Protein chains: 2
Amino acid sequence: MKLPRSQTQVSKSVKADRLTDVEIKKIIREMHLKVTHQRRAILEVLAVGRHHFTAQEIFDLVHKRFPEIGFATVYRFLKKLTEYKFVSEVRMGGLPARYELAPTHHHDHMSCIECGKIVEFENYAIENLQEKVAAELGFELTGHVLELYGICPDCRKGK
Amino acid sequence: MKLPRSQTQVSKSVKADRLTDVEIKKIIREMHLKVTHQRRAILEVLAVGRHHFTAQEIFDLVHKRFPEIGFATVYRFLKKLTEYKFVSEVRMGGLPARYELAPTHHHDHMSCIECGKIVEFENYAIENLQEKVAAELGFELTGHVLELYGICPDCRKGK
DNA sequence: GTAGGTGCAAATCGTTTGCAGTACA
DNA sequence: TGTACTGCAAACGATTTGCACCTAC
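Note that this is a predicted model, so its numbers are computed, not measured.

Peer 1: In this structure, what is going on with the sheet that holds strand β2 (residues 53–54) of chain A? I would like to understand it.
Peer 2: Backbone hydrogen bonds are what pair the strands of a sheet, in a parallel or an antiparallel way. All names here are of chain A. Taken in spatial order, the three strands of this open sheet run β2-β4-β3, and their pairing is antiparallel. Looking at which strands have only one partner, the edges of the open sheet turn out to be β2 and β3 (87–90). The pairing of β3 with strand β4 (residues 98–101) spans four bridges and is classified as antiparallel. By the bridge assignment, Val90 is partnered in β4 with Arg98. Across the sheet, helix α2 (residues 37–47) lies against β2, β3 and β4, angled at about 85° from β4, the strand it touches most.

Peer 1: What is the right way to read the protein's contact with DNA strand C from this model?
Peer 2: Neighbouring DNA strand C are 19 residues, the closest being Tyr75(A), Thr36(B), Gln38(B), Ile69(B) and Thr73(B). Backbone sugar and phosphate groups make up 76% of those atoms of DNA strand C lying within 4 Å of the protein. A distance of 3.2 Å separates a base oxygen of DNA strand C from a polar atom in the side chain of Lys34(A). Measuring from a phosphate oxygen of DNA strand C, one finds a backbone N or O atom of Glu68(B) at 3.3 Å. Where the surface near DNA strand C is concerned, the elements lending two or more residues are α4 (71–83) of chain A together with α2 (37–47) and α4 (71–83) of chain B. Looking at the surface near DNA strand C residue by residue, the class counts come to eight nonpolar, four polar and seven charged.

Peer 1: Honestly, the packing of α2(B) against α4(B) in this entry has me stumped. Any pointers?
Peer 2: Between two packed helices, the angle of one axis relative to the other and the distance separating the axes together describe the packing. All names here are of chain B. Taken N-terminus to C-terminus, the directions of α2 and α4 make an angle of 65°; their axes are 10 Å apart at the nearest point. Here α4 runs roughly perpendicular to α2, going by the angle between their axes. Relative to α4, the crossing made by α2 is right-handed. Of the residues in α4, those in contact with Gln38, Arg39, Ile42, Leu43 and Leu46 of α2 are Thr73, Val74, Phe77, Leu78 and Leu81. A breakdown of the residues in the contact of α2 with α4 according to their chemical character gives seven nonpolar, two polar and one charged.

The rules we used
- Residues numbered from 1 in each chain as written.
- Chains lettered and ligands numbered in written order.
- Predicted model: local features only at pLDDT ≥ 70, side-chain atom pairs only at ≥ 80, totals over all residues.
- Heavy atoms only, no water.
- Pairing = 2+ DSSP bridges.
- Helix = DSSP H or I, 4+ residues; strand = E, 2+ residues; numbered from the N terminus.
- Contact = heavy atoms within 4.5 Å.
- Axes fitted to C-alpha atoms, helices over the stretch in contact; angles between N-to-C directions.
- Near = heavy atom within 4 Å.
- Polar contact = N/O pair within 3.5 Å; in protein donor to acceptor, adjacent residues only side chain to side chain.
- Nonpolar A, V, L, I, M, F, W, Y, C, P; charged D, E, K, R; others polar.
- Parallel < 35°, antiparallel > 145°, perpendicular 65-115°, else oblique.
- Left-handed = near helix turned anticlockwise from the far one by under 90°.

Right under this line is the structure:
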């Protein structure tokens, strides 16, 4: 196998950036919830670009189509989605939580401590070393959390 | 195979569980702040056992000796201490932040998902790779969280 | 003496909850 | 039809801030 120049891969959205009506209904029904237009709209928003959205951002986007929607609805549904692992919740420092549609592939996060922006990455060398560390400690590795914090290109320029 | 000089170090540091008056004054003065009894009390509390305390816990403990102290003082000083890296702030989920006197050596954690045991380790290769990843993403790295989860030697045997 | 520190209370911010009305199955 | 869902507003908990009074230097 040919090794790429860098072992770090920034995940590009090779994933579909929208969910079909059928997929949306399936997700909601799997949680034993009723399919409402608010919930559909929230899932549609989450699928766009598969970014990491704050509850506020999701609210704003859904609000454009359903001006009557309330924050409570957004939070309540995000909580359910998180419980059922359909979305993953990322919290950084004191910043508002960010939500992303559960990724199909494993990845870690690099977050900007100033603006909260999150970039996904995958680094095979680090993953391998984690296995090695666990083995040296006599552990059977079952999972990990790796979050890098720093200042993103934009915020560095902005200073 | 014989394990070569491993890059993974299990930390065994024996830290003092109290700070001397001189050390406390030194810390405060390095931040260009005035030495008040409130600030001394907060540092003394943080040194006890070197646990991870919430602001509330620190407040409670200091409050026993200085019933007049306010939350604002605790938070304001913790913020300064964090800025100057004398304490590290750990935030988990939506839970209140926890503060610990900055350990002399950086370390990460490997936790057993069955018995909860935590082993500290330090792996320079991983640390270096994290720097590399951040650089590739254009970020200035300021910190990270690496938690490995798995089953410890004892629990593996026990099965 | 004076700049900086303090306690208090009110303000803020993200998030949660109670409730009365609404809509999906 | 009935129960789950919704929007609203108020409640919440952690943290921050404004301000008049103190205190270390």
